[in-house]
Amino acid sequence: MMSEKKYDVLALGELLIDFTENGVSSQGNTIFEANPGGAPCNVLAMLNKLGHKTAFMGKVGVDIFGNKLKSVLDEVGIDTSAMVMDPDVRTTLAFVQTFADGDRDFSFYRNPGADMMLKEDELNEEMLTQCKIFHFGTLSMTHDEVRKATKKAIAIAKESGAVISFDPNLRPPLWSSLDLAKEQVDYGLRQCDVLKISDNEIQWFTGKEDFDEGIKVLQDTYHIPLILLSMGKTGSRAYCRDLRVEKAPYLQKNTIETTGAGDTFGGSSLHFVLKYGLENLDEEKLLEMLSFANAAASLITTRKGALKVMPEVEEVKELMTNYLTNQ
């Protein structure tokens, strides 16, 4: 559906280690498991499972974790030729505490962390002209240097005709102020053709409790062709031109944590943008998109981590087929 380019999706942003709780030691201490993480690569990992050619642009340290992350991306098939490995900075770490209801709290070790040290002159400009979709979030916009790099990357990709995909992925502890966060989200909204936003982010950004009212504010202000709203346990919605499509979630009894669910949903949705093209999305295709994306996101909530354990297409289809009969 889209012009011939080397990569289906190129994502820029953070690649880090998520230390997720995994039980208690014999001494009663919390055990943390080192899971490869970072929203942009989670999105790419799902797209890889769907048969797409993907590439990652970002920075890690030359350390135990940076080397591990590079080998994981190579293993799942994400092109790392635009990834910078810097001997002078340490790979970013996040500790994730999971609550009883599956929700999470993050502690970041990033002062500085490698992901925020990417500079403009380290961008692989050639690769930026070779992607059908360019995807980014706001973690690469928290600090000056990496913000400049992100904005330059967006401009190059846009100039070369890429569809721009944006997921604010707000992490309040990483911002010096939420006003600065709002400013950068506003920038992202002005650039993007596809927006994936969560229920709490839309309420925070627009000040509207009602999701439809919040989305209308975004549509009127930014004229984004496709807005995808993830609503956790209540499913998802797609807003495309004057269409509004909603799909209930595939709730699982064996959900353990929600890490990567939004990214899995986002990656699955971009698959349908690649498959049909933005201008061809009608009600039926949007429903197909949301059904698949909800099911894929549901499966990831039953697994620890995300990047390495993205569901296979067959698993997603099986869940969609069997879900109603098992309820």
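See the structure printed just above.
Below or above, wherever it landed, is the structure these notes cover.

What counts and what doesn't
- Residues numbered from 1 in each chain as written.
- Predicted model: local features only at pLDDT ≥ 70, side-chain atom pairs only at ≥ 80, totals over all residues.
- Heavy atoms only, no water.
- Helix = DSSP H or I, 4+ residues; strand = E, 2+ residues; numbered from the N terminus.
- Rg over C-alpha atoms; globule rule 2.2 N^0.38 Å.
- Buried < 20%, exposed > 50% of the residue type's maximum accessible area, 1.4 Å probe, protein only.
- Contact = heavy atoms within 4.5 Å.
- Areas by Shrake-Rupley, 256 points an atom, 1.4 Å probe, with all protein chains shown as cover.
- 1 Å grid on protein atoms, 1.4 Å probe; cavity = no way out; pocket = protein on both sides within 12 Å on 5 of 7 lines; lining within 4 Å.
- Points joined across faces, edges and corners; volume = space filled by probe spheres on them.
- Nonpolar A, V, L, I, M, F, W, Y, C, P; charged D, E, K, R; others polar.
- Salt bridge = Lys/Arg side-chain N within 4 Å of Asp/Glu carboxyl O.
- Core = buried A, V, L, I, M, F, W, Y, C linked by side-chain atoms within 4.5 Å.
- Axes fitted to C-alpha atoms, helices over the stretch in contact; angles between N-to-C directions.
- Parallel < 35°, antiparallel > 145°, perpendicular 65-115°, else oblique.
- Left-handed = near helix turned anticlockwise from the far one by under 90°.
- Pairing = 2+ DSSP bridges.

Before going further, it helps to spend a moment on the overall build of the chain. A tally of helices and strands in the chain yields ten helices and 13 strands. Its C-alpha radius of gyration of 19 Å places the chain within 12% of the 20 Å reference for a compact globule of 327 residues. Burial statistics for the chain: of 327 residues in total, 56% are counted as buried. Contacts in the chain between residues far apart in sequence, at least 24 positions, make up 71% of those at least 6 positions apart. As presented, the chain carries roughly 13900 Å² of accessible surface, and 49% of it is formed by carbon and sulfur atoms.

This part covers the layout of surface pockets. To find leftover empty space, a probe the size of one water molecule is rolled over the atoms. Empty space within the largest pocket amounts to approximately 1300 Å³. As for the largest pocket, its lining consists of 49 residues, and the residues nearest its centre are Arg-104, Gly-232, Thr-258, Ala-261 and Gly-262. Listed by contribution, the elements that provide at least two residues to the lining of the largest pocket are β2 (16-24), α1 (39-49), β7 (104-109), β10 (194-198), α6 (199-206), α8 (261-276) and α9 (283-300). Its residues placed into classes, the lining of the largest pocket shows 17 nonpolar, 19 polar and 13 charged.

Per the stated rule, a full pass over the model turns up 19 salt bridges. The shortest N-O distance in the salt bridge between Asp-115 and Arg-110 comes to 2.8 Å. Where Asp-167 meets Lys-196, a salt bridge forms, and the shortest distance between an N and an O atom there is 4.0 Å. Pair noted here: Asp-167 is in strand β9 (residues 163-167) and Lys-196 is in strand β10, with a separation of 29 residues, a long-range link. Judged by its relative accessible area of 6%, Asp-167 is buried. On the basis of relative accessible area, Lys-196 is assigned to the buried category, the value being 9%.

This paragraph deals with the nonpolar core. Among the nonpolar cores identified, the biggest contains 55 residues, and Leu-15 and Leu-226 are the most heavily contacted of them. For this core, the element with the highest residue contribution is α9, accounting for ten residues. If we ignore the near neighbours within four places in the chain, the residues touching Leu-15 are Gly-37, Cys-41, Phe-56, Val-60, Leu-69, Leu-73, Met-83, Thr-91, Asp-115 and Leu-307. Among the nonpolar cores identified, the runner-up in size contains 45 residues, and Met-116, Met-127, Trp-175 and Ile-215 belong to it.

What follows covers the packing of α1 against α8. The relative placement of two packed helices comes down to the angle between their axes together with the axis-to-axis distance. The N-to-C vectors of α1 and α8 enclose an angle of 50°; their axes lie 8 Å apart at closest approach. Here α8 runs oblique to α1, going by the angle between their axes. In the crossing of α1 with α8, the sense of the turn from one axis to the other is right-handed. For the pair formed by α1 and α8, the contact residues are Ala-39, Asn-42, Val-43, Met-46 and Leu-47 on the first element and Asp-263, Thr-264, Gly-267, Ser-268, Leu-270, His-271 and Leu-274 on the second.

On to empty space enclosed by the protein, then. Taken as a whole, this structure holds two cavities of 30 Å³ or more when the rule is applied. As a volume, the largest cavity reaches approximately 60 Å³. Lining of the largest cavity is provided by Val-43, His-135, Ser-165, Asp-167, Val-194, Lys-196, Leu-228, Gly-262, Asp-263, Gly-266, Gly-267 and Leu-270. It is α8 that contributes the most residues to the lining of the largest cavity, five residues altogether. Computed from the structure, the second largest cavity encloses a volume of approximately 30 Å³. Among the secondary structure elements, those contributing two or more residues to the lining of the second largest cavity are α1 and β8 (131-137). Taken together, the residues of the lining of the second largest cavity sort by class into three nonpolar, three polar and two charged.

Time to look at the sheet that holds β2. Strand pairing in a sheet takes place through backbone hydrogen bonds and is either antiparallel or parallel in direction. Within the open sheet, the four strands sit side by side as β3-β2-β6-β7. Their pairing is mixed. Whereas interior strands pair on both sides, the edge strands pair on one side only; in this sheet they are β3 (30-37) and β7. Taking each pair of neighbouring strands and ignoring which way they run, the sheet shows an average axis angle of 30°. Of the strands in this sheet, β2, β3 and β6 (93-98) are in contact with helix α2 (residues 64-76), which crosses β2 at around 95°.

Burial within strand β12 (residues 236-240) is extensive, with five of its five residues counted as buried. Burial of β12 is two-sided: the residues Ser-236, Ala-238 and Cys-240 facing one way and the residues Arg-237 and Tyr-239 facing the other way are all buried. By the bridge criterion, five bridges tie strand β11 (residues 226-230) to β12 in an arrangement that is antiparallel. Of the residues in β12, the one forming a bridge with Leu-228 is Ala-238. Counting the residues in the hairpin turn of β11 and β12 gives five residues, including Gly-232, whose phi is positive at 55°.

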